[in-house]
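Single-letter residue listing:
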Protein chains: 2
Amino acid sequence: MQRAAALVRLGCCPRTPGPWGRSQSSAAAEASAVLKVRPERSRRERILTLESMNPQVKAVEYAVRGPIVLKAGEIELELQRGIKKPFTEVIRANIGDAQAMGQQPITFLRQVMALCTYPNLLDSPSFPEDAKKRARRILQAWGGNSLGSYSASQGVNCIREDVAAYITRRDGGVPADPDNIYLTTGASDGISTILKILVSGGGKSRTGVMIPIPQYPLYSAVISELDAIQVNYYLDEENCWALNVNELRRAVQEAKDHCDPKVLCIINPGNPTGQVQSRKCIEDVIHFAWEEKLFLLADEVYQDNVYSPDCKFHSFKKVLYEMGPEYSSNVELASFHSTSKGYMGECGYRGGYMEVINLHPEIKGQLVKLLSVRLCPPVSGQAAMDIVVNPPVPGEESFELFHREKESVLGNLAKKAKLTEDLFNQVPGIHCNPLQGAMYAFPRIFIPSKAVEAAQAHKMAPDMFYCMKLLEETGICVVPGSGFGQREGTYHFRMTILPPVEKLKTVLQKVKDFHIKFLEKYA
Amino acid sequence: MQRAAALVRLGCCPRTPGPWGRSQSSAAAEASAVLKVRPERSRRERILTLESMNPQVKAVEYAVRGPIVLKAGEIELELQRGIKKPFTEVIRANIGDAQAMGQQPITFLRQVMALCTYPNLLDSPSFPEDAKKRARRILQAWGGNSLGSYSASQGVNCIREDVAAYITRRDGGVPADPDNIYLTTGASDGISTILKILVSGGGKSRTGVMIPIPQYPLYSAVISELDAIQVNYYLDEENCWALNVNELRRAVQEAKDHCDPKVLCIINPGNPTGQVQSRKCIEDVIHFAWEEKLFLLADEVYQDNVYSPDCKFHSFKKVLYEMGPEYSSNVELASFHSTSKGYMGECGYRGGYMEVINLHPEIKGQLVKLLSVRLCPPVSGQAAMDIVVNPPVPGEESFELFHREKESVLGNLAKKAKLTEDLFNQVPGIHCNPLQGAMYAFPRIFIPSKAVEAAQAHKMAPDMFYCMKLLEETGICVVPGSGFGQREGTYHFRMTILPPVEKLKTVLQKVKDFHIKFLEKYA
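Every value quoted in this text rests on a predicted model; they were computed, and no experiment measured them.

As for the UniProt feature "domain: Aminotransferase class I/classII large" (unreviewed entry) in chain A
(1) Moving on: Taking the UniProt record as the reference, the feature "domain: Aminotransferase class I/classII large" (unreviewed entry) is found at residues 111–510 of chain A.
(2) Moving on: What you have in residues 111–510 of chain A is 43% helix and 14% strand, and the ends, taken at the C-alpha atoms, are 39 Å apart.

Next comes the structure, spelled out in structure tokens:
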């Protein structure tokens, strides 16, 4: 049972032993700087050390909040202490955290949540009637009519019904069953829960989980934690990060030598890559999953974030049903949504749902059992999810304001997606695919060989070295491509497009200036 | 790597293969009844089945929301459909869910949370100034001054500072460091996270986790999930469920043949047993942990729930420091608190914290890394935790109301604890230890051998059979002792004391009548 030793990695996503995907010493140094380590006084050996800890947890990496973010925190503290820098603030473009970037909450959503939190407000004339109606409906579903009670482990019934109705509308009438809906603590929780149930076997029978490269590092982190086998399939950068089924075939064939590929994860719209999959591509993927007997995980948290006029979001569920009964009654699918992204950007409340299709009834029982150990998803996240799937409709008092706020956020995001693509592509040595959806740019950057050598001297991945320099010189915090995975010898970074338009322009200009200087320095 | 096969269980806590701790067939039948299984049409074999799923997840049991609760749900549906029963409502005394039982939220807590949720209310004259002050302080700590942003993965700084100040006050000046505080998604999340990091090794080196029997089944569930080795130590029922260090010694010695005992879990005040540990007992436990090199987990979520005038809550942290530097700089301790219990009973928001002592700095880095994968604990739970540790003080506008509400809840609980003990002990064949703290009775029940035979005929544990009959005949839902573990041949159930006094009296009377009838029937 030496699990870490049994960890087999496929593809060329480089793995380092440190806690944050870099060399241990530098990451530890950083952690100690932040954690204010005191001198040790004649201490016994610790029970829990890097040597004795769970090796699977040690193997976990999560770049989005990794060393670059620790460094950003240190710099912020230095700025607060008055230490002079070539900039006055750190811009955290590392994470899709809309409201931290100044996006205002959707008024209706917060009104309903405030009413649920403090029901005395139901008597207040300053809240609209439609918000009160929603709040009353949510409250009556909770024990003691209070959000202070636990809900059912699967999530409160009436919200699961609203989610099912939303999916049915979204998918043009393809039915959704509230019994198949599980409310979650953000999408991350749903994804890791279903993976936890799926992983089994040892040696060559160990479960293989196929993930796109570049990927959102939740996937690789959970795969490490569960000691499953990560099976990489590469998105096609030359073709706007499209998913090619031939690449899936290559990956699954090679994986069969090492493990039992059982799960196929799709992120659509893509994170960090922003591509929106065509209907044809989704059909091909579903057919492939059917053929290869793979359990499908469709991460669709950016379903409202589609900007390219030529692109449209198609849910895996809808395409599955339209492909006919052989697929719709056989392919096992879990799809995920979240309150954190879209136009609402309610990250903090940790709301989300998972819809499962063709899950064996006994497994549903197992799933509810597993969820029940953690009692229930946070009630405020559940309530927020309800407003996302059950927003004001034409004729309701709050509709006009809601619609205006929603369109304003999405319209701005579309503008910023185009702006970012255009500006990056004006910089020599940067190439950026169109941002069809989601909320990130993932430009490819040219790193001169002298800079690669300098990075190696610092025991850093070249793009980590690049991003550290960018942070130190401009205050802009982005995540190196190595944290998401990329083809060997290529370098990228992920940057959110969430700052307000004017600020985003400044950020892009600063990246441009930095990049040109960087190329000159390491020419 | 056949992990399930390697699972060695110690002690006599019976394990069954079903998903809810009973025979598979009956649990599955129940699950299907609830999940409305449709007839299968010419389906391919599923990828995810009971046979192919993660065997560690299959081994998980969680009685508090197990088959008895599924049955309660079915009965509620039947009542709604007008089916006649010998009762008109189901009383869910299975879970410590105070507000579902009618307990009112603490006004100040909800006011602050409503202000944080919908900051427009900061202009409203109907909210007190001290609540506004708290809300402003919490909001300024979040990116964009909005609870919609992610917080730091460890929890927002100012709330961790408030937690540290609370602990310092509580422990009479023993210092607490905000760097050692991790905000969590309820206490369950903290406990499973720290256990996840602690578990390692294979075969006889596999980590052994010592837990009390009876235990709160989160522990056994997480141990199953992590494929760790459960090491049972028995609380002394004859001695008011006290923890005896000799029993710890027996358990650890026997365990060393099978595994590497590395963790000792303590629940104080006890769940389900309600005992409050004496200072002497805590000292003995700490000395034992020091001696045996065990990492201590102190589950102290009921620290505000102490009722017996002879008992007082002592935190492990405080006793550890008072024992001198050999202990306070060597013993590794994680202790847990929650917003769900105490006098506030805010279960739904999923708030909690963990304090770690003597955690290796490198492990702290690993912990933050692991937490960062799930981004952050729910912000509303963090805000609720802040009010619990930073409530109104004398002189503040809201103090008087807050104090009255708090004392009313705790006073009532103390009354109900005594009432429950007294009434149970009047019933022949029921013995109930004093409820010194927490919010449950865990009475021992005599089950006649004819009833044991009848239970075996139904493939049920005798106390499950008893609790099912109680539910079917009275509508009262309690959890069988077998879900918590108990000495072989003894039977118990856990019942909350949360219903309002008059209702609790009725409940107790009904249990009494049922028990007498049950004894007669199976005499």
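Let us keep going from here.
So, the nonpolar core
(1) Moving on: Counting residues in hydrophobic clusters, the biggest one holds 285 residues, and the most contacted among them are L297 of chain A together with L297 of chain B.
(2) Moving on: The contacts of L297 of chain B, once residues within four sequence positions are left out, are I191, I194, L195, L198, V263, L264, C265, I266, A334 and F336 of chain B.

Quick word on the packing of helix α4 (residues 107–117) of chain B against helix α5 (residues 129–140) of chain B
Each packed pair of helices is defined by two parameters, the angle between the axes and the distance between the axes.
Residues and elements named next belong to chain B.
(1) Moving on: Where α4 contacts α5, the two axes come as close as 9 Å, and the packing angle between them is 50°. One element, α4, and the other, α5, form an angle in the oblique class. Helix-helix and strand crossings are classified by hand; for α4 and α5 the assignment is right-handed. Between α4 and α5, the residues in contact are F108, Q111, V112, L115 and C116 and D130, A131, K132, R134, A135, I138 and L139, respectively.
(2) Moving on: Residues that form the contact of α4 with α5 fall into these classes: 8 nonpolar, 1 polar and 3 charged.

Describing the interface of chain A and chain B
Where interface size is given, it is often the accessible area lost as the parts come together that is meant.
(1) Moving on: The interface of chain A with chain B comprises 115 residues on the first partner and 115 residues on the second.
(2) Moving on: Together chain A and chain B conceal approximately 10,100 Å² of surface at their shared face, both sides included; 58% is due to carbon and sulfur atoms.
(3) Moving on: Those elements that provide at least two residues to the side of chain A that touches chain B are α1 (24–35), α2 (55–58), α4 (107–117), α7 (186–198), α8 (218–225), α13 (361–373) and α14 (379–389) of chain A.
(4) Moving on: When the residues that make up the side of chain A that touches chain B are grouped by side-chain class, the tally is 53 nonpolar, 33 polar and 29 charged.

Concerning helix α6 (residues 157–170) of chain A
Residue and element names in this part refer to chain A.
(1) Moving on: The terminal C-alpha atoms of α6, which comprises 14 residues, lie 20 Å apart, in line with the 20 Å expected from a rise of 1.5 Å per residue.
(2) Moving on: Looking only at α6, the buried set comprises C158, I159, R160, D162, V163, A164, Y166 and I167.
(3) Moving on: Contacts from the buried residues of α6 go to α5 (129–140), β2 (181–184), α11 (316–322), β7 (333–338), β8 (352–357) and α14.
(4) Moving on: Following α6 by one or two positions, G172 adopts a phi angle in the positive range, close to 60°.

A look at the relation of the copies chain A and chain B
In this structure, two copies of a chain are linked by a rotation about an axis accompanied by a shift along it.
(1) Moving on: For the match of chain A to chain B, the screw axis carries a shift of 0.0 Å, the RMSD comes to 0.0 Å, and the turn is 180°. Each copy turns onto its partner about a two-fold axis.
(2) Moving on: Comparing contact sets, 100% of the residues at the interface of chain A also lie at the interface in chain B, consistent with an isologous, same-surface contact.

Structural notes on the pattern of salt bridges
(1) Moving on: Scanning the entire structure with this criterion turns up 50 salt bridges over all chains.
(2) Moving on: Among the ionic pairs, E247 of chain B bridges to R250 of chain B, the shortest N-O distance being 2.7 Å. Here E247 of chain B and its partner R250 of chain B are both found in helix α9 (residues 245–255), 3 residues apart, which amounts to about one turn of the helix.
(3) Moving on: Using a relative accessible area of 12% as the deciding quantity, one classes E247 of chain B as buried.
(4) Moving on: We classify R250 of chain B as partly exposed; its relative accessible area is 31%.
(5) Moving on: Notably, a salt bridge pairs E400 of chain B with R404 of chain B, separated by 3.0 Å at the nearest N-O pair. You can see E400 of chain B and its partner R404 of chain B sitting in helix α15 (residues 399–425), 4 residues apart, about one turn around the helix.
(6) Moving on: One network of salt bridges, with partners in common, ties together R279, E283, K318 and E322 of chain A.

So, how was this worked out
Residues numbered from 1 in each chain as written. Chains lettered and ligands numbered in written order. Predicted model: local features only at pLDDT ≥ 70, side-chain atom pairs only at ≥ 80, totals over all residues. Heavy atoms only, no water. UniProt positions renumbered as here; feature names shortened; annotations may be inferred. Helix = DSSP H or I, 4+ residues; strand = E, 2+ residues; numbered from the N terminus. Core = buried A, V, L, I, M, F, W, Y, C linked by side-chain atoms within 4.5 Å. Buried < 20%, exposed > 50% of the residue type's maximum accessible area, 1.4 Å probe, protein only. Contact = heavy atoms within 4.5 Å. Axes fitted to C-alpha atoms, helices over the stretch in contact; angles between N-to-C directions. Parallel < 35°, antiparallel > 145°, perpendicular 65-115°, else oblique. Left-handed = near helix turned anticlockwise from the far one by under 90°. Nonpolar A, V, L, I, M, F, W, Y, C, P; charged D, E, K, R; others polar. Buried area = accessible area lost by both parts, 1.4 Å probe. Expected span 1.5 Å × (residues − 1). Least-squares fit on C-alpha atoms with pLDDT ≥ 70 in both. Salt bridge = Lys/Arg side-chain N within 4 Å of Asp/Glu carboxyl O.

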